Amino acid sequence: MVKNRWDENQSLVFQDVLSQRVYSSRLLGSDPSLVLHGGGNTSAKSTRINLHGNKEDILYIKGSGWDLSTIEAPGFAAVRLDPLKKARDLSTLSDPDMVNLLRTELTDFTMPTPSVEALLHAFIPEIFVDHTHADAVLTLTNQPNGEEIIKTLYETRIGIVPYVMPGFALAKLCAEIYDKSPGIEGLILLKHGVFSFGKTAKESYERMINLVNRAETFIDDVKTKTKSQAHRSKSKLGTSSSLSSIYAELSRRGFQSVLHLEDDDQTLEFVNRSDVSEISQRGPVTPDHVIRTKRIPLVLKTTQDSFDIEFSKKLDEYRDAYQVYFNAHSTQTDLPLTMLDPFPRLILIPGLGLVTVGKTKKEATIAADIYQRSMGVILNAEIIGKYDALPQQDIFDVEYWVLEQAKLNKAKSSTPFLGKTILVTGGSRGIGKAVCQSYAAHSTQVFNLDLQPPNQNNSQVHYIEADVSDEVSISNAFDEAVKRTGKIDIVIINAGIFPESQSIKDLSSELWQKSLNINLNGAFYTARAAAKWLSQNPRGGDIIFVASKNVPAPGKKAAAYSVMKAAQTQLARVLALESGSNKIRVNIVHPNMIFDTDIWSDEIIVERAKAYQMTPEAYKKNNCLNLPLSSQDVADVILALTSGAFSKSTGLQIPIDGGNERVI
Ligand SMILES: [Zn+2]
């Protein structure tokens, strides 16, 4: 059942019409069984005094690009209501003309573009209007006899609207049905969603909850009478190897993606059904999902041995079917259309789960969230009767609707790191931390492999506990990253220690061994795992070793450190020789005097400065360029090295030291 989240005390904080609108919109947005990821929209009608001192009616309507769960007052566009209402007299209104009308009647040109369903809200003469794509209502309307079920269930409480694509025609139809049905609490749009309305935010919200719960109760009653046989077992398919194969095949076909896996009980119950190839192929539960999920998922029934061959075959079939779908439906529109990519966003694998595909992790996660709700709707719909979706043409019209495509284009950004998976060892502190944070700002998936978690949590960086000196630990950490994204693109071998200074004659075997384990064996285990996974990535990738100035210019009393870093450099050079044919670049940076790392405490800086008879300030800038260095400087070079600008360079050794006389 959907919970009524209205809190009288909390709602009192929100006094005026717009604040009340914000409050109840967030309540709707916080329930994923009602709306998901920017779905649904809400409005309220009010008045304002214009520049001439005259009162005019306005419509506050959700701006496109805002999410109901987090919406704030600026997320609502205030549009003059009268010109919108007048549009109802028109016999037709094209989409571009509709958007133009909505934008030109904004009371402030900086406001967001009103929702594509704004006219529908304007034509319904109620103060508050709420719209969701509630799962329970979709379960009932997506039935061959959906209209009949709705009629018996709600009687005269609601108006029933047959499916029409959102826009002017749907707005007019809803208004006509509203006019003919006095006293209704809402409208149910078959195979699309539900509208509720009321004099107050509370009335409209509670009507929405009650309407949805009527459907919930009906579904629950039928469900208690039927016992379903659920198969939730997992097969022997390897998760990281399966995801890696999917990513690699898509990449070879020119589609660069990030993957996401869901394998909870409900997902397994769905993908393991013997009729999954049938019930999953009927179409989305509400049409606007199509831009995130494509019309249908790809179903892959296979064993580990034939995984690659089967997936490739299924991708061919999917591509051919998409071409047929495009050819059949694109001719129905007057505008010349360009076919979108023919790759699935949802892959259902019995025994493994649901793998979703996106250009970024966010896209893949949105597709997963949407389909997880959809699986629930389809399963329930099959229990009630038969899951039935809209005809292909209706879905196609929404998929290729300019207004929907605009939503996606808005989200596009260009960065050379878009969607890349990056592993950094020792990312909790110092240079590693700066590297993690710098990559995280670029729509990437960054994994920090470290023994200790970072002091402050950065939600953009995923921490995996790992010990570089333990080969199993490193191998597991790589496996985990592949399970979460399908691939690895960039590895930064950074973890290391700076053992206490000792001349060789006094150097203990323990200290030597410790440095060997972490600084050299750790680099080897990481490099080996990186080479293994990057060679499975058809795009290849980058491996960066964070070595040290001590390699070209060793210092006294630092043998345990310098020797391991020199060996690490040699390891990198050999790896560069071996990996070029797999498009893997291996480059080395040699930082020096990076004072904001753990190695350099204030005391050590003072002590070292004294040894050179310098002030700490002068000591920090003791290089040719007279510039102090920081972890961020190293991160900037590493990002530049992996940005594509150095795509034809491998085996480089780049000092980051402000210019050191001994190195130059
Ligand atoms: Zn809708």
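Residues numbered from 1 in each chain as written. Predicted model: local features only at pLDDT ≥ 70, side-chain atom pairs only at ≥ 80, totals over all residues. Heavy atoms only, no water.

1. Some thoughts on the sheet that holds strand S18 (residues 653-656)
Here is step 1 of the chain: The 7 strands are arranged S14-S13-S12-S15-S16-S17-S18 in an open sheet whose pairing can be described as parallel. Either end of the sheet is taken by a strand with one partner, and the two such strands are strand S14 (461-465) and S18. The mean angle between the axes of side-by-side strands here comes to 20 degrees, regardless of whether they run parallel or antiparallel.
Here is step 2 of the chain: Bridge count for strand S13 (residues 445-450) against S14 is 5 bridges, and the pairing is parallel. (Pairing = 2+ DSSP bridges. Helix = DSSP H or I, 4+ residues; strand = E, 2+ residues; numbered from the N terminus. Axes fitted to C-alpha atoms, helices over the stretch in contact; angles between N-to-C directions.)

2. Observations concerning the pattern of salt bridges
Here is step 1 of the chain: Applying the stated rule across the entire model yields 31 salt bridges.
Here is step 2 of the chain: A salt bridge links Glu203 to Arg207; the nearest nitrogen and oxygen atoms lie 3.5 Å apart. With Glu203 and Arg207 both in helix H9 (residues 201-225) and 4 residues apart, this pair spans about one turn of that helix.
Here is step 3 of the chain: Using a relative accessible area of 27% as the deciding quantity, one classes Glu203 as partly exposed.
Here is step 4 of the chain: The partner of Glu249 in a salt bridge is Arg253, and the shortest N-O contact between them spans 2.9 Å.
Here is step 5 of the chain: Of the residues examined, Arg253 reaches a relative accessible area of 24% and is grouped as partly exposed.
Here is step 6 of the chain: Taken together, the shared-partner salt bridges connect Glu249, Arg252, Arg253, Asp316, Arg319 and Asp320 into one network. (Salt bridge = Lys/Arg side-chain N within 4 Å of Asp/Glu carboxyl O. Buried < 20%, exposed > 50% of the residue type's maximum accessible area, 1.4 Å probe, protein only.)

3. Some points on the environment of Asp657
Here is step 1 of the chain: With respect to the helices and strands, Asp657 occurs in the segment after S18.
Here is step 2 of the chain: Residues Asp657 and Phe270, spaced 387 residues apart in sequence, show a C-alpha to C-alpha distance of 57 Å.
Here is step 3 of the chain: If near-sequence neighbours (up to four positions away) are discounted, Asp657 is found in contact with Lys549, Asn592, Asn623, Leu629 and Val663.
Here is step 4 of the chain: A distance of 2.8 Å separates a polar atom in the side chain of Asp657 from the backbone nitrogen of Gly659. (Contact = heavy atoms within 4.5 Å. Polar contact = N/O pair within 3.5 Å; in protein donor to acceptor, adjacent residues only side chain to side chain.)

4. Here's the deal with the sheet that holds strand S8 (residues 258-262)
Here is step 1 of the chain: With mixed pairing, 4 strands are arranged side by side in an open sheet as S8-S11-S10-S9. Since the sheet does not close on itself, it has two edges, and those belong to S8 and strand S9 (298-299), each with one partner.
Here is step 2 of the chain: Seen against the sheet, helix H10 (residues 239-252) touches S8, strand S10 (346-349) and strand S11 (353-358) and runs at an angle of roughly 145 degrees to S8.

5. Details of the packing of aromatic side chains
Here is step 1 of the chain: Under the criterion given, the structure shown has 17 aromatic pairs.
Here is step 2 of the chain: With centroids separated by 5.1 Å and ring planes inclined at 25 degrees, the aromatic side chains of Phe14 and Tyr23 adopt a geometry described as stacked.
Here is step 3 of the chain: Given a relative accessible area of 22%, Phe14 falls into the partly exposed group.
Here is step 4 of the chain: Take Tyr23: its relative accessible area is 4%, and that puts it in the buried class.
Here is step 5 of the chain: Put simply, the rings of Tyr322, Tyr325, Phe326, Phe396 and Tyr400 pair up and form one aromatic cluster. (Phe/Tyr/Trp six-rings, centres within 6.5 Å; stacked < 30°, edge-to-face > 60°.)

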